[in-house]
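Residue-level structural notes
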Amino acid sequence: MEQTFIKINPADSVVVCLQAMKKGDKIEVDGKTVTLNQDTPAGHKVIIDDTAKGTDIIKYGYPIGHAMNDLKAGDWVNEDNLKTNLSGTLEYTYNPVNETLNIKDEKRTFKGYVRSNGEVGTRNEVWIVPTVGCVNGIAERLAQQLRQETGEKDVDAIYTWHHNYGCSQLSGDHENTRKVLRDIVLHPNAGAVLVLSLGCENNQPDEFEKLLGDYDKTRVRFLITQKVDDEIAEGMKILHELYDIAAKDKREEVSISHLRVGLKCGGSDGFSGITANPLVGEFSDWLVAQGGTSILTEVPEMFGAETILMNRCKTPELFEQTVSLVNDFKEYFLSHGEPVGENPSPGNKAGGISTLEDKALGCTQKCGRAPVSGVLSYGDRLQVNGLNLLSAPGNDLVASTALASSGCQIVLFTTGRGTPFGTFVPTMKIATNPTLAQRKANWVDFNAGQLIEGKTMQEVLPQFIDKIIAVASGEKAQNEINGYREISIFKNGVTL
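Notes on the structure in this doc start here.

Criteria and thresholds
Numbering of residues starts from 1 in every chain and runs along the sequence as written. Whole-chain, interface and lining totals are the exception, using all residues; otherwise, since this is a predicted model, local features are given only for residues with pLDDT of at least 70 and side-chain atom pairs are given and counted only at 80 or more. To obtain the side-chain values, all non-hydrogen atoms of the structure were included, while hydrogens and water were left out. Cavity: a set of points on a 1 Å grid over the protein atoms alone where a 1.4 Å probe fits but cannot get out. Pocket: an open set with protein on both sides within 12 Å along at least five of seven lines, its lining residues, like those of a cavity, having an atom within 4 Å of a point. Grid points are joined across faces, edges and corners, and a volume is the space filled by probe spheres set on the points. A run of H or I in DSSP becomes a helix once it reaches four residues, and a run of E becomes a strand once it reaches two; helices and strands are each numbered from the N terminus. Gly is put with the polar residues, along with every residue not named as nonpolar or charged; the nonpolar set is Ala, Val, Leu, Ile, Met, Phe, Trp, Tyr, Cys and Pro, and the charged set is Asp, Glu, Lys and Arg. In this description, contact between two residues means that some pair of their heavy atoms is separated by no more than 4.5 Å. Exposure is judged per residue with a 1.4 Å probe applied to protein chains only, and the accessible area is read against the type maximum: over 50% gives exposed, under 20% gives buried, and values in between give partly exposed. His is not counted, nor are the chain ends, whereas Lys and Arg count as positive and Asp and Glu as negative. Think of a salt bridge as a Lys or Arg side-chain nitrogen and an Asp or Glu carboxyl oxygen that are within 4 Å of each other. Whenever a nitrogen or oxygen atom comes within 3.5 Å of another N or O atom, the pair is scored as a polar contact, on the condition that within protein one atom can donate a hydrogen and the other can accept it, and that pairs from neighbouring residues in sequence are kept only if both atoms are in side chains. Buried Ala, Val, Leu, Ile, Met, Phe, Trp, Tyr and Cys residues form a nonpolar core when they are joined through side-chain atoms within 4.5 Å. A strand pair is defined by DSSP finding two or more bridges across the two strands. Any two cysteine sulfur atoms within 2.5 Å of one another count as a disulfide. All axes here are fitted lines through C-alpha atoms, helices being fitted over the stretch that makes contact, and every angle between N-to-C directions spans 0 to 180 degrees. An angle below 35 degrees is treated as roughly parallel, one above 145 as roughly antiparallel, one from 65 to 115 as roughly perpendicular, and anything else as oblique. The hand of a helix crossing depends on one turn: near helix anticlockwise from the far one by less than a right angle means left-handed, and clockwise means right-handed. What a helix should span is 1.5 Å times the count of its residues minus one.

We now examine empty space enclosed by the protein. Following the criterion strictly, the structure yields 1 cavity of 30 Å³ or more and no others. In this structure, the largest cavity encloses a volume near 50 Å³. If you tally residues by element for the lining of the largest cavity, the top one is helix 9 (residues 356–363), at 4 residues. Here the lining of the largest cavity is composed, by residue class, of 4 nonpolar, 5 polar and 3 charged.

Given below as structure tokens:
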């Protein structure tokens, strides 16, 4: 008989419908028959027992909020009758949990581009990076002309990364812009980079160059457009020199330990925490066991599941950094007069996610069970392999840009409702359900919905690993095929 619902954890007080169900439908759970009291969409929750107002509702084995009114067994649980338990900043106690993964090192490899500093790219592209938004148009004209003149025959792609910043920003925002642009310039997926400046912007090219540190001056060149008569002619001269250098690069077999993968979700649904996020979590653990790196961000979507991450920190110092990561973001919300427990997306609610805790407990499954080895501030570059936590908001493009900026060569993006975008590295979409995977095949790279079609994790995980290795080795993700690639930089303060 086809399974119509799932109870994720034995302690749960709700089940999740695997398909749309009708009022009067009956399910057998925990040795009792529960009759549904309302039509309930796929991915949504049904309460198992009569539940009094104020009682915590349990999903994934943890509270996802409390009942706003008395509930009857069989009631549809959603944002109209379930309220978050989240409030302001909290004090936390470190209760370390040490779990051994027991995953074999398979000695896998991928075909990457080894850079002079030892970092490895999954792409070999020529990039134009504006220091200020004023030269976006020039940058795009240069990129278009280089594509026309070269046909992109000898590199993977030619792109410029538009943004609106680099001037009229103060303190933290200005430094965030500088750090993210630095990270892009130094990213191993770039075989060559033209840094394009206006000349009078706050993000002065001389000071920005110092921020790059010890960089490869043969592959990174600067052009200040106010200082030349014909910026297009000068730009094209430099770009052809850079193109010729990058064109000589070749892929070679490298250990999978060089792979750095960002973990992100968006347009989630009630299946996200059942299929795609657990699958990505299994991959994350596998990659860490191979010596590789995964990075989890979306700090607001850790709220309600943060103690799970805190207690997986390897050291008390990492625990304290994670506490700051979470409480600083809560203070950011509160400083703007916003609640810390807001579930921001109507799509999330329509898909069956009723509170931020509901989303967080599903979201954090993307990082599996590995210990936390590092904690990064926004704009920081990776320092240690293993599972890292990164400070960035939940916004899809801002968070994905932050993941790539930290050094990830690929972003894994789980979604139940679909999204076409990509950041400046391959952004693979993993569908939580088979309907989305079929309907939006031009957006989706992998169907994790197989896990509700009868396939086991043991069957699906090897396919998923092979797909990621293929993309790391040059197979294009759907966002690359479609040409959907952009960046977005986090902004907090005023604009002058």
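A few words on the environment of Leu 279. Relative to the helices and strands, Leu 279 resides in helix 5 (residues 276–289). Separated by 178 residues in the primary sequence, Leu 279 and Met 457 place their C-alpha atoms 7.2 Å from one another. Leaving out residues up to four positions away in the same chain, Leu 279 has contacts with Phe 446, Ala 448, Leu 451, Met 457, Val 460, Leu 461 and Phe 464.

So, about the layout of surface pockets. One simple way to see leftover space: roll a probe sized like a water molecule over the atoms. Within this model, the largest pocket holds a volume of roughly 550 Å³. Taken together, 20 residues form the lining of the largest pocket, with Tyr 60, Leu 361, Gln 365, Gly 368 and Arg 369 sitting closest to its centre. If one sorts the elements of the lining of the largest pocket by residue count, helix 5 sits on top with 4 residues. For the lining of the largest pocket, a count of residues per class yields 9 nonpolar, 6 polar and 5 charged.

Here we come to the side chain of Lys 429. Tracing the backbone shows Lys 429 in strand 22 (residues 427–431). Of the side chains with opposite charge, Asp 445 lies nearest to the buried Lys 429, which makes no salt bridge, at 5.6 Å. Looking at Lys 429, its side chain comes within polar contact range of the main-chain oxygen of Phe 421, at 2.4 Å. In terms of polar contacts, Lys 429 uses its side chain to reach the backbone carbonyl oxygen of Thr 427, at 3.5 Å. In this view, Lys 429 contacts Phe 413, Thr 419, Pro 420, Phe 421, Trp 443, Val 444, Asp 445, Phe 446 and Asn 479; residues no more than four positions away in its chain are not counted.

With 91 residues, the main nonpolar core has Trp 127, Ile 184, Leu 259, Leu 279, Phe 283, Leu 412 and Phe 464 as its most contacted residues. With 9 residues, the top contributor of residues to this core is helix 12 (residues 457–472). When near neighbours in sequence (up to four residues on either side) are disregarded, Leu 259 contacts Phe 110, Thr 122, Phe 283, Leu 287, Gly 292, Thr 293, Gln 409, Ile 410, Ile 468 and Ala 472. Counting 23 residues, the second largest nonpolar core, distinct from the first, contains Ile 128, Ala 139, Leu 196 and Ile 238.

In the sheet, strand 6 (residues 56–59) pairs with strand 7 (residues 62–67) via 3 bridges, with the strands oriented antiparallel. Pairing of Ile 58 across the sheet is with Pro 63, part of strand 7. Counting the residues between successive antiparallel strands, the hairpin from strand 6 to strand 7 contains 2 residues, one of them, Tyr 60, with a positive phi of roughly 60°.

Once that is clear, we can look at the state of the cysteines. For the coordinates displayed, the defined rule picks out 0 disulfides. A disulfide-free cysteine, Cys 408 has its sulfur positioned 13 Å from the sulfur of Cys 367, the nearest such atom. The class of Cys 408 is buried, set by a relative accessible area of 0%.

Let us look at the packing of helix 5 against helix 12. Running from N to C, helix 5 and helix 12 cross one another at 65°; their axes reach a closest spacing of 10 Å. As judged from the angle between their axes, helix 5 and helix 12 are roughly perpendicular. In the packing of helix 5 onto helix 12, the handedness of the crossing is right-handed. Contacts from Pro 278, Leu 279, Val 280, Glu 282, Phe 283 and Trp 286 in helix 5 reach Met 457, Val 460, Leu 461, Phe 464, Ile 465, Ile 468 and Ile 469 in helix 12. Along the lines of polarity and charge, the residues of the contact of helix 5 with helix 12 split into 12 nonpolar, no polar and 1 charged.

Tracing the backbone shows Asn 442 in the loop between helix 11 (434–439) and strand 23 (446–447). Those residues within four positions of Asn 442 in sequence are excluded, and the remaining contacts are Gln 478 and Asn 482.

The next point concerns helix 4 (residues 231–246). Helix length check: helix 4, at 16 residues, gives a terminal C-alpha distance of 22 Å against a target of 22 Å (1.5 Å per residue), a fit within 8%. Looking at helix 4, one finds that the buried residues are Ile 232, Gly 235, Met 236, Ile 238, Leu 239, Leu 242, Tyr 243 and Ala 246. Where helix 4 starts, the residue carrying a side-chain oxygen 3.1 Å from the main-chain nitrogen of Ile 232 turns out to be Asp 230.

Attention shifts here to the sheet that holds strand 5 (residues 45–47). Strand order across the open sheet formed by 4 strands is 1-2-5-8, with antiparallel pairing between neighbours. The sheet is open, and its two borders are formed by strand 1 (5–6) and strand 8 (76–77), each paired with just one other strand. Where strand 2 (residues 14–17) lies against strand 5, 3 bridges are found, and the strand directions are antiparallel. Along strand 5, the bridge assignment pairs Val 16 with Lys 45.

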